[in-house]
Amino acid sequence: MSDKEVRILAIESSCDETAAAVVVNGRKVLSNVISTQIPLHTLYGGVVPEIASRKHIERINQVIAQALEEAECTLDDIDAIGVTYGPGLVGALLVGVSAAKAISFAKDIPLVGVHHIEGHICANYIQNEDLEPPFLCLVVSGGHTHLVRVVDYGKYEILGRTRDDAAGEAFDKVARAIGLGYPGGPKIEKKAKEGNPKAIPFPVAKVADGPYDFSFSGLKSAVLNYVNGANMRGECVNEADIAASFQRAVIEALTGHARQAIREFGTDKFAIAGGVASNGTLREAMEKMCAEEGVKFYYPAPILCTDNAAMIGSAAYYEFMAGHRDGWDLNAVPNLPLGSR
Ligand code: KG4
Ligand code: ZN
């Protein structure tokens, strides 16, 4: 790679955050602006795709302008534009992709499409300057649960993924079932602190033909059945015990698979990423497991775990340095597979 400083303007709009950032050489963040729509979607108990698209359109230009301003630069200082083009909500993705294409065309700046999960993984490069591939990474967000072997920059092998609900989705659904509201992850984490994680023996599902695959829908159903059963009997439920026991089951599944992968693939570095990675109890459990296995543990700060554009700027840098460029035919791909370059 050359010694020249490479400045990327990155744009992210795959779900309910409109975000833009300026990142130097994939690691140094000059600005990281996030305009979240969470309070708006909370009114409906979850993300409403049409509302998300409309809000992205309203916010995108302002967010990009703010990112440039905070980075104290103009488009003339930008070497490439990185943008999330999948996976995600198609209407939401389109807003970011269209904005990126328009700037790229108007200012003749190279365009680099980025995979959203690759962005989450790269959040670890921003947080930890010493981190280099190869390593193992668990990506746990509202839409994804992937155990990934990061073979090299931009080169990924998926060891396992969820067969049904994503980990964050399970947090959100269980939170709704016990009346905690949206988004469920932080609310369950808070409630769980008052409860006993061993109070209710919720099951940790194993997937018979996929040692590294996950399944969280059975766990979610077990929680719903527990709550419905108690309601029918006219009994009160202890929400804190439910939250703590549910969270314990999710964490057991995640750390169990991670430990097995560390042993099988003999890595010395393990990272987590995605919205659920900001869960403090999960971090502690992963840290303990990694210490037991003699592996260095990496995790991004919460602001880099949630959807943001700095992580997209990091991923775009490595794609850009590998020579990847996109044309005016770049489109939103809602179910884009990881490693499809
Ligand atoms: O990465 P992210 O911001 O968006 C997606 O790409 O999906 O992840 C959002 C998800 C939501 O499901 C949210 O409930 C979950 O991450 N989450 C958490 C916590 N904070 C956010 N889950 C568990 N514990 C948390 N502290
Ligand atoms: Zn995400």
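Anyway, here's the lowdown on the structure attached to this text.

So, how was this worked out
- Residues numbered from 1 in each chain as written.
- Chains lettered and ligands numbered in written order.
- Predicted model: local features only at pLDDT ≥ 70, side-chain atom pairs only at ≥ 80, totals over all residues.
- Heavy atoms only, no water.
- Helix = DSSP H or I, 4+ residues; strand = E, 2+ residues; numbered from the N terminus.
- Rg over C-alpha atoms; globule rule 2.2 N^0.38 Å.
- Buried < 20%, exposed > 50% of the residue type's maximum accessible area, 1.4 Å probe, protein only.
- Contact = heavy atoms within 4.5 Å.
- Near = heavy atom within 4 Å.
- Polar contact = N/O pair within 3.5 Å; in protein donor to acceptor, adjacent residues only side chain to side chain.
- Areas by Shrake-Rupley, 256 points an atom, 1.4 Å probe, with all protein chains shown as cover.
- Pairing = 2+ DSSP bridges.
- Axes fitted to C-alpha atoms, helices over the stretch in contact; angles between N-to-C directions.
- Salt bridge = Lys/Arg side-chain N within 4 Å of Asp/Glu carboxyl O.
- Donors = N, O, S within 2.8 Å, 3.2 Å for Na, K, Ca; no water.
- Tetrahedral: all angles 85-135°; square planar, octahedral: opposite > 155°, others 65-115°.
- Phe/Tyr/Trp six-rings, centres within 6.5 Å; stacked < 30°, edge-to-face > 60°.
- Parallel < 35°, antiparallel > 145°, perpendicular 65-115°, else oblique.
- Left-handed = near helix turned anticlockwise from the far one by under 90°.

## Comments concerning the overall build of the protein chain
Scanning the protein chain from N- to C-terminus turns up 11 helices and 10 strands. What you see for the protein chain is a C-alpha radius of gyration of 20 Å, in line with the 20 Å of a compact globule of 341 residues. Taken over the C-alpha atoms alone, the protein chain extends approximately 65 × 45 × 35 Å along its principal axes. Taken across its 341 residues, the protein chain has 53% of its residues classed as buried. Taking all contacts inside the protein chain whose residues are at least 6 apart in sequence as the whole, residues at least 24 apart take part in 73%.

## Here's the deal with the site of ligand 1
As a matter of local geometry, ligand 1 sits amid 20 residues, with Gly142, Asp172, Glu189, Gly275 and Asn279 nearest to it. Interatomic distance of 3.2 Å between a side-chain N/O atom of His116 and an oxygen atom of ligand 1. In this structure, Gly143 approaches ligand 1 through a main-chain N or O atom, which is 3.2 Å from an oxygen atom. Coverage of ligand 1 by the protein chains reaches 87% of its 550 Å² of free accessible surface. Every element with two or more residues in the shell around ligand 1 is listed here: α4 (116–127), α5 (167–177) and α6 (184–192). The element contributing the most residues to the shell around ligand 1 is α6, with four residues.

## A few points about the sheet that holds strand β10 (residues 296–298)
Spatial strand order, β8-β7-β6-β9-β10: five strands in an open sheet with mixed pairing. Looking at the sheet topology across the chains shown, the edges are occupied by β8 (155–161) and β10. Looking at each pair of strands side by side, their axes are set apart by 25 degrees on average, direction ignored.

## Some points on the pattern of salt bridges
Scanning the entire structure with this criterion turns up 19 salt bridges. Taking the shortest distance from any N to any O, the salt bridge between Lys107 and Asp76 comes out at 3.1 Å. Of this pair, Lys107 sits in helix α3 (residues 90–107) while Asp76 sits in the loop between α2 (49–70) and β4 (80–86); the two residues are 31 residues apart in sequence, bridging distant segments of the chain. The residue Arg263 makes a salt bridge to Glu293 at a minimum N-O spacing of 2.8 Å. Taken as a pair, Arg263 in helix α8 (residues 239–265) and Glu293 in helix α9 (residues 280–293) lie far apart in primary sequence, 30 residues in all. Residue classification places Arg263 among the exposed positions, given a relative accessible area of 56%. Linked by salt bridges that have partners in common, Arg259, Arg263, Lys288, Glu292 and Glu293 make up one network.

## Describing the pairing of strand β3 (residues 28–36)
As defined by bridge partners, strand β2 (residues 17–24) adjoins β3 across eight bridges and the pair is classed as antiparallel. Considered in β3, the bridge of Val23 is made with Val29. What sits between the antiparallel neighbours β2 and β3 is a turn of three residues, in which Asn25 has the positive phi angle 50 degrees.

## Remarks on the sheet that holds strand β5 (residues 111–115)
Taken together, five strands build an open sheet; the order of strands is β3-β2-β1-β4-β5 and the sheet is mixed. Because the sheet does not close on itself, it has two edges, and the strands there are β3 and β5. Strand-to-strand, the axes of this sheet are offset by a mean angle of 20 degrees, without reference to chain direction. As defined by bridge partners, strand β1 (residues 7–12) adjoins β2 across six bridges and the pair is classed as antiparallel. Each bridged residue has a counterpart across the sheet, and for Ile8 the counterpart in β2 is Val23. In this fold α2 packs onto β1, β2 and β3, with an angle of close to 25 degrees to the strand it touches most, β2. Of the strands in this sheet, β1, β3, β4 and β5 touch α4, which is tilted by about 95 degrees from β5.

## Comments concerning the coordination of the zinc ion (ligand 2)
The zinc ion (ligand 2) binds to the protein through His116 (NE2), His120 (NE2) and Asp307 (OD), with metal-donor distances spanning 2.0 to 2.1 Å. Taken together, the four donor atoms surrounding the zinc ion (ligand 2) define angles of 95 to 139 degrees at the centre, an arrangement classified as irregular. Site description for the zinc ion (ligand 2): donor spacing in sequence, H-x3-H-x186-D. Of the two residues, His116 is situated in helix α4 and Asp307 in the loop between α10 (302–305) and α11 (310–321); the sequence distance between them amounts to 191 residues. For Asp307, a relative accessible area of 11% gives the class buried.

## So, the packing of aromatic side chains
Geometrically, a pair of aromatic rings is defined through the distance of the ring centres and the angle of the planes. In the structure shown here, the tally under the stated rule is 11 aromatic pairs. Note on Tyr153 and Tyr318: the rings are 4.0 Å apart at their centroids and 5 degrees apart in plane angle, and the pair reads as stacked. With Tyr153 in the loop between β7 (145–152) and β8 and Tyr318 in helix α11, this residue pair connects regions lying 165 residues apart in the sequence. Exposure remark for Tyr318: the relative accessible area of 8% places this residue in the buried category. Each residue in the set Tyr125, Phe135, Tyr153, Tyr317 and Tyr318 is aromatic and connected to the rest through ring pairs, giving one cluster.

## Observations concerning the packing of α2 against α3
Packing of α2 against α3 brings their axes to within 9 Å, and their N-to-C directions diverge by 30 degrees. Taken together, the axis directions place α2 and α3 in an arrangement best described as roughly parallel. Crossing geometry of α2 relative to α3 is assigned as right-handed. On α3, the residues that touch Ser53, His56, Ile57, Ile60 and Ile64 of α2 are Gly91, Ala92, Val95, Gly96, Ala99 and Ile103.

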